Each structure stands twice: as structure tokens, then as C-alpha cells.
Amino acid sequence: MHELDDLQILLRSRTPLIFIETREEARAVQLFRRLQRHIGKPLFSWTVTDGLARLDLDLPPQKHNRKAADALTQIAGTGQPSVFLLLDFHPYLDDPVNQRLIKQICLEYPTLGHTLVFISHQISIPASLRHHAVSYQLKLPGRSQLPALIRAEIGRWKLQNPGQDVAAHPEIIEQISHNLQGLSFTEARKLVFEAIADDDALTADDLERINRRKFELLDQNQLIKFHAKALDLSDVGGMQRLRKWLDTRKKAFLSPALPAGLNRPKGLMLIGVQGGGKSLAAKAVAGSWHVPLLRLDTGSLYNKYIGETEKNIRSALALTESMAPCVLWIDEVEKAMAGDSEDNGTSKRVLATVLTWMAENSASVFIVMTANDISSLPPELLRKGRIDEIFFVDLPDSEAREEIFRIHLKRRQLDPLDFNLGPLVESSEGFSGSEIEQAIISALYQAFSDNSQLSQKYLEDEISRTRPLSVIMDDKISALRLWAKGRTVKVN
Ligand SMILES: Nc1ncnc2c1ncn2[C@@H]1O[C@H](COP(=O)(O)OP(=O)(O)O)[C@@H](O)[C@H]1O
Ligand SMILES: [Mg+2]
């Protein structure tokens, strides 16, 4: 009801131009239809396919005036003060002729009394018209309205399917309400209805799908990727201290309200040797907290075809906020933020945008950054307060290596009990997790090629054949360790 009041006040305030950026065109039009009964002015719509049409009298569209300029000319010549809803007019706003025609209608408001309402999914108001215009945002359902919206959809579904019941635990309704925040009424209803329709129930399984669909609806520039099947911390060998750190913070991260003096965990940085499981651990954080994993696609961040980088990064960050609680993963952050001398400072501005957001963001968005190379890492990123901790991912110790062997043997339907892990763990000293995995894969190929089963011998041979990166890049790793000492916490 508030919304109708707001719009009514806006129309009465003698504003000639109203801009409504919305994904809910139908609902916006419906609001004006209802409003029309209060204000009594004729109501028209315009689309490029139908031209001008009278909405309050249910007359068929006249199909002329489909050209934007013709429609504006006709509006300027309409004697009775009216409200015109211009749907998807945004491409024609760039045209100087149209801008002038619109301005003329604004200037003649005292005699004409017309209101032009532009409704599109995305509009930028031309500078020459800004002075006459007001932007209005349709309301999104509030957190407290969503459970009722879900129950109404359950009711609607039952009406359509008499005799069928819909299983929906109150706790699930609560969780779904939470996940629907940031969507419009129309979108929220649609997602709930879909979730019911697939199995006559609202269950925990629907949560992930709702999250994914929500992401698709809100995603505008595809800078953020949604990762569906997140891993769990049990897929990561070693890193005990990191796991404990994460376990301790899970509750504070997911709690809707925190006691005074306790801050919401903001994020962490994983620095370390290549193949050490940093990316793996980043994914596992989301999985173990059961929240969506969103990855900032740094590869396309500076893609010139995508357009204005800073505007894009801002809308990408806003997207993660509306997906909260979630994990935002920025992989190999040094590549994304360091930039080079040839980008006119774009990467510096992107870094500044991200840093400001990190400092100000109060939503449950947990940032996990990974970096292989500290020499090109902007120091501002590591400053305390922005992230909670910097972890150093060193090569796995013997205990961690044993776990990594188990994880990767099991993943390939092999029983770790069939192998004598002790000697394998010992001879793989200096191997990264990735190299252990690769050794198992190579041994499997060899065994298959020999028409044989994977045995201890195949694994031992493969390990002795591998020259791990830690040998080849000994200097680099020592330097990294030296840097990490005192600056970081070890994951193990
Ligand atoms: N600690 C680990 N536990 C289990 N698997 C690991 C571990 N470290 C690396 N791996 C394996 O190696 C692959 C590559 O590791 P990755 O996470 O990409 O390393 P990084 O990001 O540190 O370079 C992982 O997908 C995983 O299969
Ligand atoms: Mg990685």
C-alpha cells in the first residue's frame, strides 16, 4: 500500500519525468493502473511494437506512433493532462531529437500537465533531462514479508492441485525467506512456485537451486561465477589450524545478529606454494559453511568488451551482497589487482574500489583470496582490519601427505587400506598436494596400460620419477617461507 501512496505523491508533486529501473515491468504497470483510479487522469502506454495505447479504457493499440519521436510529438499535442508509461524506451533516450521533444514536454508542464514514466530494466537519465526527473525504485519484499509470500505460493499451488499437500517445514520456509532477499515480488514468487512444483515440497534441496536461480536473475555483467557443488573441508588434506579457525568463526559468520563488540568475520588470505591446495581450500570454506560460492572472474575483469571496469566491479560486489551469506573467492588476487603500467590506472582504481568495499561491507560476505606470488601483491590488501588473517600454505607435512593420499585414492574408488602408506608418505617429502594427486593419476595410467591393477609398486615408481617443484624452485620457496615468517599463520 505504501508504494501506491509514494507514487501518488510523486504524481501530485508535478514532476514531469519519472524513471523506474525495474525487472518487474508488469507489476510497475499494474501499480499505475491501480493509481489511475485515484488520480483520474488518462493512462497510456507506449512500446515499440504497439505504439501508444490507452490503458484505462481498454482500447486496442492504434499501432501508429511506434516510432519514438512520433509518439513524443503526439504526446506533446495531447490536450488532456495524462500519464504516459514508456516501456523499454531506454535505447531511444540517446537520440538528441527525442531528448529535445521530452524536454519540451517538461517545460510545458504548467499548461500540458503530462507525466512521462520511463520503465526499463536499466536506464541512465540523460544529463539534459536530469533536472526535470525523479527516479523511483519499486520496493522489494522485505524480510518479514517473505514467509507470507511463500505461504501464499503454497496456497496457490494447492488450489491448482486439489488434494495434494505440500511438505514445507517452518525452518525451511525461514531459510528460503532469507535466500529470497534482494529479489522482486514477481521473481520471489516464481522461484518459490518452481521449487514447489518439482516435488510437491519445499526442502533443503531447493535452497541451492533457489540460490542459483537468484544469482542468474541478479547477475548483470557476468564478472562473478556461481560454483554449484562446493567441496567440503574433508576434501582437503592437512590444514588443521585453518579448519579450526574456520570452525570457530562459522557461528559468528552465519548469525543474523552478533553481540556488541563482536565483528562478523570478513575473510582471509591464503598465500603459498603452487599446488598446495589454496584454491581447493577456498572452495571448501563455502561447502563447509553451506553457503554459495561466488568467484570473481578476474580474467574478464579488464576485458575491454565488457565496458566500464569500475562500474562493473561495483555491481559485482553489490551482487555478492545480495547473495549473502556467501563466500566471495578471489583466486590469484595478485594478478587481478597488481595491474601494469599500461592500463591507465584502472587496476589501481579497481583495487581501491575493492578495498573500500571490504572495509565498509557489513553483509555476511566472507572473502577468501589466494596468492602465489607475494612480490606483486599490493600491500594494502594485507593490512589488518580488511581481512582477519593471512595464512601460509606450506608444503604438506607427513601427516597431511598421508591424508592427501587417502583423499585421492578414495576419490578414485581405491581403498587406502590396500596400500602401505608409510613409505609413500616418506618418499613424497617435498611434494605438494597437487603433485601427490598427479602421481596417483600417472600410476593409474601406467597400471591400466600394463593391463594391471594399481599397486604399491606403481605408486612408488611414480613418486621416484617425479621431480617436485620444491626441488626445482627451492630458492623461491625459501624466500616465500622467510617472508611468511612472522607475517602469517601456518595452515597446519
Ligand atoms: N591439501 C590438499 N588436499 C587434497 N588435495 C590437494 C591438496 N592440495 C592440493 N590438492 C590437489 O591438487 C589440486 C590443485 O591444487 P590447488 O588447490 O589448485 O592448488 P593452489 O591453488 O594452491 O595452486 C587440487 O584440486 C587437489 O585435487
Ligand atoms: Mg590456485
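Residues numbered from 1 in each chain as written. Chains lettered and ligands numbered in written order. Predicted model: local features only at pLDDT ≥ 70, side-chain atom pairs only at ≥ 80, totals over all residues.

A. Inspection of the packing of helix α7 (residues 146-160) against helix α9 (residues 185-199) at higher detail. One way to put it is that α7 packs onto α9 with a least axis distance of 9 Å and a crossing angle of 50 degrees. Comparing the axis directions of α7 and α9 gives the class oblique. The chirality of how α7 crosses α9 is right-handed. Of α9, the residues touching α7 (which contributes Leu 146, Leu 149, Ile 150, Glu 153, Ile 154 and Trp 157) are Ala 188, Arg 189, Val 192, Phe 193, Ile 196 and Ala 197. (Axes fitted to C-alpha atoms, helices over the stretch in contact; angles between N-to-C directions. Helix = DSSP H or I, 4+ residues; strand = E, 2+ residues; numbered from the N terminus. Parallel < 35°, antiparallel > 145°, perpendicular 65-115°, else oblique. Left-handed = near helix turned anticlockwise from the far one by under 90°. Contact = placed C-beta atoms within 7 Å.)

B. The pairing of strand β5 (residues 115-120), seen in detail. Burial of β5 is extensive: six of the six residues sit out of reach of the surface. Alternating positions in β5 separate into two faces, Thr 115, Val 117 and Ile 119 on one and Leu 116, Phe 118 and Ser 120 on the other, with burial throughout. With five bridges connecting them, strand β4 (residues 83-87) and β5 associate as parallel partners. Residue pairing for β5: Phe 84 is matched across the bridge by Leu 116. (Buried ≥ 20, exposed ≤ 12 C-beta atoms within 10 Å, placed from the backbone. Pairing = 2+ DSSP bridges.)

C. Structural context of the site of ligand 1. The full set close to ligand 1 counts 17 residues, and Gly 277, Lys 278, Ser 279, Gly 433 and Ser 434 are the nearest of them. If you list the elements that add at least two residues to the shell around ligand 1, you get α12 (278-289), α17 (398-411) and α19 (433-449). Within the shell around ligand 1, the residues separate by chemical class into five nonpolar, ten polar and two charged. (Near = placed C-beta within 6 Å. Nonpolar A, V, L, I, M, F, W, Y, C, P; charged D, E, K, R; others polar.)

D. Representation of the environment of Ile 330 within the structure. Residue position: Ile 330 is located in strand β12 (residues 326-330). Spatially, the C-alpha atoms of Ile 330 and Ser 279 are 9.3 Å apart, while their sequence positions differ by 51 residues. Dropping the residues within four chain positions of it, Ile 330 is found in contact with Leu 296, Thr 298, Ala 336, Ile 367 and Met 369.

E. Fine view of the sheet that holds strand β9 (residues 224-227). Read from one edge to the other, the open sheet built from seven strands follows the order β9-β11-β12-β13-β10-β14-β15, with strand pairing classed as mixed. The open sheet has two free edges, formed respectively by β9 and β15 (489-490), since each of these has just one partner strand.

F. Examining the domain arrangement of the protein more closely. As far as domains go, the protein holds domain 1 (2-136), domain 2 (146-218), domain 3 (233-393) and domain 4 (398-472). Between the C-alpha centres of domain 3 and domain 4 the distance comes to 32 Å. In this assembly, eight residues from domain 3 lie in contact with ten residues from domain 4. Looking at side-chain class alone, the side of domain 3 that touches domain 4 contains one nonpolar, six polar and one charged residues. (Domains from an automatic or database assignment.)

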